[in-house]
Amino acid sequence: MVDEEGKSSTSILHDGSYFATGSWYSSIVVKGDTALMMQPNGTALDMKLKFGEFGEADPDVAETTCQKFYNIKLSFCFGKEFTELGVVSEDGLRITTKNDIGLSVLGWMSEEEGAALEAKGDPIEDPPGPYKIQPDILGKFLWITGGAGVGKSTSAQLLSKMHGYVYYEGDCFASCRNPYIPLDVQNPSLAQFLQKPLIGEGLEERREVCKRGNEMFGEMMAGGDYDKGKAEEYYEKMCEDIKRERKRIGGDWSIAGVTFGQDLRNFIRSKLGTDLVFVVLNMEMEDLKERIRIRHIREKGTVDILMSISRLCEAATEDDDNAVNVMITNEMSKEDVISKILEKLNL
């Protein structure tokens with residue numbers, strides 16, 4: 001039952017759309033005690049809402065909301081079950097949670113307000129970034145790959161800060177966000193979720209490909225292998241974007257993104273050209289698991305899911321053309337990793 005203001009009698013929320021800031025999803029569409037979680041790439045996940053008292057709130061959440069206890073549990077499945085705890089404001093118009101990125105706020109908006117917000121974003125044909133536009137100069141072309149949490153994004157960002165490379169974040173392609181993450185953020189891997197969504201002609205076509213790509217990643221997170229057909233469709237579309245953007249911007253490039261193994265790297269190289277060099281970052285599995293655990297200390301289920309993907313990632317072999325391995329330990333600094341990469345590439 002819904003009252004005259006659109007508020008469900010079984011919920012402390014209002015039916016309708018709550019738009020997110022500081023979260024990896026863009027909004028949830030509430031109806032009673034269920035919701036649809038919406039992502040910028042158009043993927044929708046079913047979400048269950050439970051209301052009650054769920055323990056003491058995180059100090060930052062408590063300070064922001066002036067409430068001591070969580071009063072909502074949001075649950076959804078993406079490969080495995082995830083749960084977020086939050087505080088709903090007394091008027092039911094705001095939900096405040098805490099994740100690895102920081103505080104996240106979901107605010108209720110009218111249909112008109114939501115449509116206006118969704119119309120904002122960065123243009124898909126030329127997303128802005130902090131790089132000099134020099135299309136006549138096509139320089140070095142690196143793709144930094146490896147398992148989840150191994151340091152792909154951090155290394156690509158540091159190559160940009162220290163040596164002027166254009167840093168293209170591959171995970172932003174999957175979420176249809178601006179791939180040019182600011183160079184001053186502390187954790188570029190998590191900062192991708194704060195990037196503006198893309199808008200413009202071609203977005204719907206990309207969304208359809210990314211939805212199928214998300215299905216593939218969800219299957220892997222549940223412990224399955226990756227689907228070659230879906231993988232090639234997804235990476236072909238990403239390569240089209242990288243090729244176009246590299247031609248538009250020019251300069252030296254470092255892409256951060258998972259590529260799993262030699263077959264997929266060969267497929268990507270067939271789309272981007274033989275001057276592409278893969279830098280494969282490798283770690284001992286126990287070291288990698290500890291690194292992921294520290295990064296996602298608030299989201300314990302994430303560790304197993306990311307390790308499921310990492311176990312599918314293969315080191316470069318002797319017949320893996322234009323690919324080098326870089327072995328990383330937890331004792332190495334970010335700068336040490338960059339030095340090792342440049343040493344391997346004779347740069």
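Residues numbered from 1 in each chain as written. Predicted model: local features only at pLDDT ≥ 70, side-chain atom pairs only at ≥ 80, totals over all residues. Heavy atoms only, no water.

Participant: Quick question: what am I supposed to make of the packing of helix H7 (residues 228-249) against helix H8 (residues 262-272) here?
Facilitator: Packing of H7 against H8 leaves a shortest axis separation of 9 Å and a crossing angle of 35 degrees. Every pair of crossing elements has a handedness; the one defined by H7 and H8 is right-handed. Along its contact with H7, which presents Glu232, Tyr235, Glu236, Cys239, Ile242 and Lys243, the element H8 presents Leu264, Phe267, Ile268, Lys271 and Leu272. A per-class count over the contact of H7 with H8 returns 7 nonpolar, no polar and 4 charged. (Axes fitted to C-alpha atoms, helices over the stretch in contact; angles between N-to-C directions. Helix = DSSP H or I, 4+ residues; strand = E, 2+ residues; numbered from the N terminus. Left-handed = near helix turned anticlockwise from the far one by under 90°. Contact = heavy atoms within 4.5 Å. Nonpolar A, V, L, I, M, F, W, Y, C, P; charged D, E, K, R; others polar.)

Participant: It is not clear to me how the environment of aspartate 91 should be interpreted in this structure. Could you clarify?
Facilitator: Considering the arrangement of structural elements, one finds aspartate 91 in the loop between strand S6 (80-88) and strand S7 (94-98). Between the C-alpha atoms of aspartate 91 and lysine 31, which are 60 residues apart in sequence, the distance is 16 Å. A distance of 3.0 Å separates the side chain of aspartate 91 from the backbone nitrogen of leucine 93, its partner in a polar contact. (Polar contact = N/O pair within 3.5 Å; in protein donor to acceptor, adjacent residues only side chain to side chain.)

Participant: It is not clear to me how helix H11 (residues 334-345) should be interpreted in this structure. Could you clarify?
Facilitator: Because each turn of an α-helix spans 3.6 residues, side chains separated by three or four positions in sequence point in the same direction. For H11, with 12 residues, the first-to-last C-alpha span of 17 Å sits near the 16 Å given by 1.5 Å per residue. Considered for burial, the residues of H11 that qualify are Val337, Ile338, Ile341, Leu342 and Leu345. Looking straight down H11, one finds that the buried residues subtend no more than 130 degrees of arc, so they occupy a single side. Packing partners of the buried residues in H11 comprise strand S10 (134-146), helix H3 (152-163), strand S14 (277-282) and strand S15 (323-327). Positive phi shows up at asparagine 346, right after H11, with a value of about 55 degrees. (Expected span 1.5 Å × (residues − 1). Buried < 20%, exposed > 50% of the residue type's maximum accessible area, 1.4 Å probe, protein only. Arc of directions from axis to C-beta.)

Participant: In this structure, what is going on with the packing of H3 against H11? I would like to understand it.
Facilitator: Any two packed helices are characterised by the angle at which their axes cross and by the distance between the axes. Look at H3 against H11: their axes get within 10 Å of each other, and the N-to-C directions meet at 80 degrees. If you check the angle between H3 and H11, you find them roughly perpendicular. Taking contact as the criterion, the partners of Thr154, Ser155, Leu158, Leu159, Met162 and His163 in H3 are, on H11, Lys334, Glu335, Val337, Ile338, Ile341 and Leu342. (Parallel < 35°, antiparallel > 145°, perpendicular 65-115°, else oblique.)

Participant: Any chance you could explain the packing of aromatic side chains here in plain terms?
Facilitator: The way to describe two aromatic rings as a pair is by their centre distance and the angle between their planes. Across all of its chains, the model carries 12 aromatic pairs by this definition. Among the aromatic side chains, those forming a connected cluster through ring pairs are Phe173, Phe217, Tyr234, Tyr235 and Phe260. Here the guanidinium or amino end of arginine 246 rests over the ring plane of phenylalanine 141, the centre of that ring lying 3.9 Å away. (Phe/Tyr/Trp six-rings, centres within 6.5 Å; stacked < 30°, edge-to-face > 60°. Lys NZ or Arg CZ within 6 Å of the ring centre and 35° of its normal.)

Participant: Which parts of the structure should I look at to understand the nonpolar core?
Facilitator: Where a protein is soluble and globular, its nonpolar side chains tend to be buried together. Counting 90 residues, the largest nonpolar core has Ile28, Trp143 and Tyr235 as the members making the most contacts within it. Leave out the neighbours within four places in its chain, and isoleucine 28 touches Gly16, Ser17, Tyr18, Ala35, Leu36, Met37, Met47, Leu74, Ile95 and Leu106. One finds Phe54, Ala57, Val61 and Val87 within the second-largest nonpolar core, a separate group that totals 5 residues. (Core = buried A, V, L, I, M, F, W, Y, C linked by side-chain atoms within 4.5 Å.)

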